[in-house]
Amino acid sequence: MLDKRNPQLNKNGELIHLLSPEGLSRDILTHILDTASNFVSVNDREVKKLPLLRGKSVFNLFFENSTRTRTTFDIAAKRLSADVFTLDIGRSSTAKGETLLDTIDNLSAMAADIFVVRHSESGAPYLIAKHVAPHVHVVNAGDGRHAHPTQGLLDAYTIRHYKKDFTNLRVAIVGDVLHSRVARSDIHALLALGCPEVRVVGPRTLVPADLAQMGVRVFHNLEEGIRDCDVIIMLRLQNERMSGALLPSSQEYFKSFGLTPERLQLAKPDAIVMHPGPINRGVEIASSVADGPQSVILSQVTFGIAVRMAVMSIVAGNEA
Ligand code: CP
């Protein structure tokens, strides 16, 4: 039975779907990160398998393109011994006009246990979570501009890995915040985990007006925004979600908001640089920074496997 106030939780307060970090307690978020820690070493084993989802069927439904999220969910489910089915949406009956919930009903009739869903419509995973039978679990792999909870969690995991705890950190999230589900999920996760200072940095046209109410500091100047930060999370310019001319050009954007080696020196000397990917080299980040010694961008990808293993095993109630 769902908790009507927060449909991710059951009546006992247990996580049964992962839809957004918003509304999840520090205890639940920490439990996911701690569970992921137990799974990281599975990557280094000769036999990279645990039996926690043996006999379960995981359906990956990606209505939007993805490289990292889709592949790491696939790997994570296989490492947990689930049977994994990745629907080719372009060749599915969605292209003939079948509705989202009809698709879900038909896959449920094939005994689906977990749906991993990426969709361009904000709220699509909520709709599915409210529709499916109680034994079926939904994990949001990114919905519109709304949330990308496993990215928020893997970002938090990466920060904890390099910085040990959240309580003294100054984190800057830089770029196209307006269109970024990653930014929203990072903000919710980091504030709930006790991060005392989260900054958002970007041009006025790409920073929503309501952000200050979430408890973050807003900057429209990159040099000021990243000064003395411990963590810099760069965001991709999401041209596919921009309807009007919000920016003069990519070159102009890089001049004002691109992370260069010179600008990175304004952050703390041991600051880490993150990016959810895919990166636009020379638009939001210089290649020498993306590939440089302070970049942990590929560690984020690797930790994503363990975090997604943790999320699927927790929502399914089959923990390590
Ligand atoms: N970070 C992220 O969501 O990347 P993909 O779009 O490749 O999954």
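Residues numbered from 1 in each chain as written. Predicted model: local features only at pLDDT ≥ 70, side-chain atom pairs only at ≥ 80, totals over all residues. Heavy atoms only, no water.

1. What to know about the packing of helix α2 (residues 68-79) against helix α11 (residues 297-315)
To be explicit about the condition: Geometry is summarised by axes, namely lines fitted to C-alpha atoms with helices restricted to the contacting stretch, and by angles between N-to-C directions that run from 0 to 180 degrees. Segments assigned H or I by DSSP are reported as helices when at least four residues long, segments assigned E as strands when at least two residues long, and all are numbered from the N terminus. Any angle between 65 and 115 degrees counts as roughly perpendicular, while under 35 counts as roughly parallel, over 145 as roughly antiparallel, and the rest as oblique. The handedness criterion is simple: a crossing whose near helix is rotated anticlockwise from the far helix by less than a right angle is left-handed, and one whose near helix is rotated clockwise is right-handed. We call two residues contacting when some pair of their heavy atoms lies within 4.5 Å. Gly is put with the polar residues, along with every residue not named as nonpolar or charged; the nonpolar set is Ala, Val, Leu, Ile, Met, Phe, Trp, Tyr, Cys and Pro, and the charged set is Asp, Glu, Lys and Arg.
Taken N-terminus to C-terminus, the directions of α2 and α11 make an angle of 55°; their axes are 8 Å apart at the nearest point. One way to sum up the angle between α2 and α11 is to call them oblique. Classified by chirality, the crossing of α11 by α2 is right-handed. Contact residues: α2 offers R68, T69, T72, F73, I75, A76, A77 and R79, while α11 offers V301, G304, I305, R308, M309 and M312. Of the residues in the contact of α2 with α11, the class split is eight nonpolar, three polar and three charged.

2. Describing the UniProt feature "domain: Aspartate/ornithine carbamoyltransferase carbamoyl-P binding" (unreviewed entry) in the protein chain
Selection criterion: UniProt positions are given in the numbering used here, feature names are shortened, and annotations may be inferred rather than shown by experiment.
Within the UniProt annotation, "domain: Aspartate/ornithine carbamoyltransferase carbamoyl-P binding" (unreviewed entry) is assigned to residues 17-160. Annotated as 39% helix and 17% strand, the span residues 17-160 places its first and last C-alpha atoms 24 Å apart.

3. Let's talk about the layout of surface pockets
What counts, and what does not: Computed over the protein atoms alone on a 1 Å grid, cavities are sets of points where a 1.4 Å probe fits but cannot get out and pockets are open sets with protein on both sides within 12 Å along at least five of seven lines; a residue lines them when it has an atom within 4 Å of a point. Grid points are joined across faces, edges and corners, and a volume is the space filled by probe spheres set on the points. An automatic or database domain assignment provides the domain bounds reported here.
The space that makes up the largest pocket amounts to roughly 370 Å³. Along the wall of the largest pocket there are 20 residues; nearest its centre are R118, R181, R236, G277 and P278. Secondary structure elements with two or more residues in the lining of the largest pocket: α2 and α6 (181-192). Structurally, the lining of the largest pocket is a two-domain feature, drawing no fewer than three residues from each of domain 1 (2-147 + 302-316) and domain 2 (149-298).

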